[in-house]
Amino acid sequence: QDSLLQSLGFDRSQVDSAMNAYAEIIIESFPAEQEEDVRSALSKSELVFRNTGIGYVLGSEVTFRYDPTKTWKGWASVELSTSKRRDRENDIWYNYAIHRPWALKWHNYFDMSNEWQFAVRVNTTAGQAYTGWEIPGNDTLLVVEERNNRRYSSYTRVDLRLSHKDTFFGHPAESYFEI
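Residues numbered from 1 in each chain as written. Predicted model: local features only at pLDDT ≥ 70, side-chain atom pairs only at ≥ 80, totals over all residues. Heavy atoms only, no water.

(A) Quick look at the overall build of the protein chain. Along its length, the protein chain carries three helices and eleven strands. When its helices and strands are written in sequence order, the protein chain yields α-α-α-β-β-β-β-β-β-β-β-β-β-β. On C-alpha atoms alone, the protein chain measures out to a radius of gyration of 26 Å, which is more than a quarter above the 16 Å that the 2.2 N^0.38 rule sets for 179 residues. Considering only C-alpha atoms, the protein chain reaches an extent of 70 × 45 × 40 Å along its principal axes. Here the protein chain, with 179 residues, has 17% of them falling under the buried criterion. (Helix = DSSP H or I, 4+ residues; strand = E, 2+ residues; numbered from the N terminus. Rg over C-alpha atoms; globule rule 2.2 N^0.38 Å. Buried < 20%, exposed > 50% of the residue type's maximum accessible area, 1.4 Å probe, protein only.)

This is the structure:
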C-alpha cells in the first residue's frame, strides 16, 4: 500500500490525516446519543459483534421425479418460501438479504455407456433482496428506503455436466467437467 501511495505522490501521514478528518465529519453527523458509541467502537483495537436479531423462515418444495427411459431420468421442482428478520425488539421486519421467495428447477441426467453421465440442469429463481434508494429530481438529497424492500430481477442458470464414475485406490470416485 505504501509503495502505491508513494507512486501516486502521497505520503502515508497525509492519507491518514485526510482519512481521520473525513471520519470526524462522518462521526459528527451521527445523532448525539450515538456519536460516543461510534467513537468508542472506532478507538478499540478489537471489536465485538453480537447478533441479537430474531427471524423466521417458512418454505415448501414440491418435486416431481421421472425416469421415462432406462438412460434418462430427472426431476422438476417448485420452491416457495418466506423469511423475515428484525434486529431488535421494536424494529421493523425486513427480508433476509439472500432469501429468494421462489425457485423453479429442472434437472435431467442421461446415463451413457462405460459409467459416463451427461446432465442438464436449469434453475430459475427470484433475485436477491436489496435496499432501494433514490435521488428525487435534481436534488442532492439521497432517500434510502426500508431495508431490503426491493428485489433484483430473477435469473436463470443453465449447467451442463459430463461425469465419469470410477474407483480411486479401491474407493468409489467420480470426476466431472461442468460448464
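(B) Structural context of the pairing of strand β2 (residues 72–86). Bridge count between strand β1 (residues 54–66) and β2: 13 bridges; the pairing is antiparallel. Looking across to β2, one finds that isoleucine 54 is bridged to arginine 86. Here β1 folds back onto β2, and the loop between the two strands holds five residues. Judged from the nine bridges that link them, β2 and strand β4 (residues 102–111) form a sheet pairing that is antiparallel. Pairing of valine 78 across the sheet is with leucine 104, part of β4. (Pairing = 2+ DSSP bridges.)

(C) Examining the pattern of salt bridges more closely. The final tally for this structure, using the stated rule, is twelve salt bridges. Here glutamate 79 ties to lysine 105 by a salt bridge, and the two come within 2.8 Å at their closest N and O atoms. Taken together, the positions of glutamate 79 in strand β2 and lysine 105 in strand β4 put the pair 26 residues apart, joining distant regions of the chain. Judged by relative accessible area, which is 25%, glutamate 79 ranks as partly exposed. For lysine 105, a relative accessible area of 24% puts it in the partly exposed group. Residues arginine 161 and glutamate 174 are paired through a salt bridge, measuring 3.9 Å at the closest nitrogen-oxygen approach. Of the two residues, arginine 161 sits in strand β10 (residues 155–168) while glutamate 174 sits in strand β11 (residues 171–178), which places them 13 residues apart along the sequence. By relative accessible area, glutamate 174 is classed as partly exposed at 39%. Members of the salt-bridge network, linked through shared partners, are Arg121, Arg157, Asp159, Arg161, Glu174 and Glu178. (Salt bridge = Lys/Arg side-chain N within 4 Å of Asp/Glu carboxyl O.)

(D) Representation of helix α3 (residues 32–43). With twelve residues, α3 extends 17 Å between its outermost C-alpha atoms, agreeing within 8% with the 16 Å of an ideal straight helix rising 1.5 Å per residue. Burial analysis of α3 places just one of its twelve residues in the buried class, which makes it a mostly uncovered element. (Expected span 1.5 Å × (residues − 1).)

(E) Geometry of the side chain of threonine 124. Mapped onto the secondary structure, threonine 124 falls in strand β5 (residues 116–125). At a separation of 3.0 Å, a polar atom in the side chain of threonine 124 contacts the side chain of threonine 156. Leaving out residues up to four positions away in the same chain, threonine 124 has contacts with Trp102, Ala103, Leu104, Tyr155 and Thr156. (Polar contact = N/O pair within 3.5 Å; in protein donor to acceptor, adjacent residues only side chain to side chain. Contact = heavy atoms within 4.5 Å.)

(F) Broad picture of the side chain of asparagine 108. Locating asparagine 108 in the fold gives a position in strand β4. For asparagine 108, a relative accessible area of 3% gives the class buried. In terms of polar contacts, asparagine 108 uses its side chain to reach the side chain of tyrosine 66, at 2.5 Å. The residues touching asparagine 108, leaving out its near neighbours within four places in the chain, are Tyr66, Trp72, Lys73, Gly74, Phe118, Ala119 and Val120.

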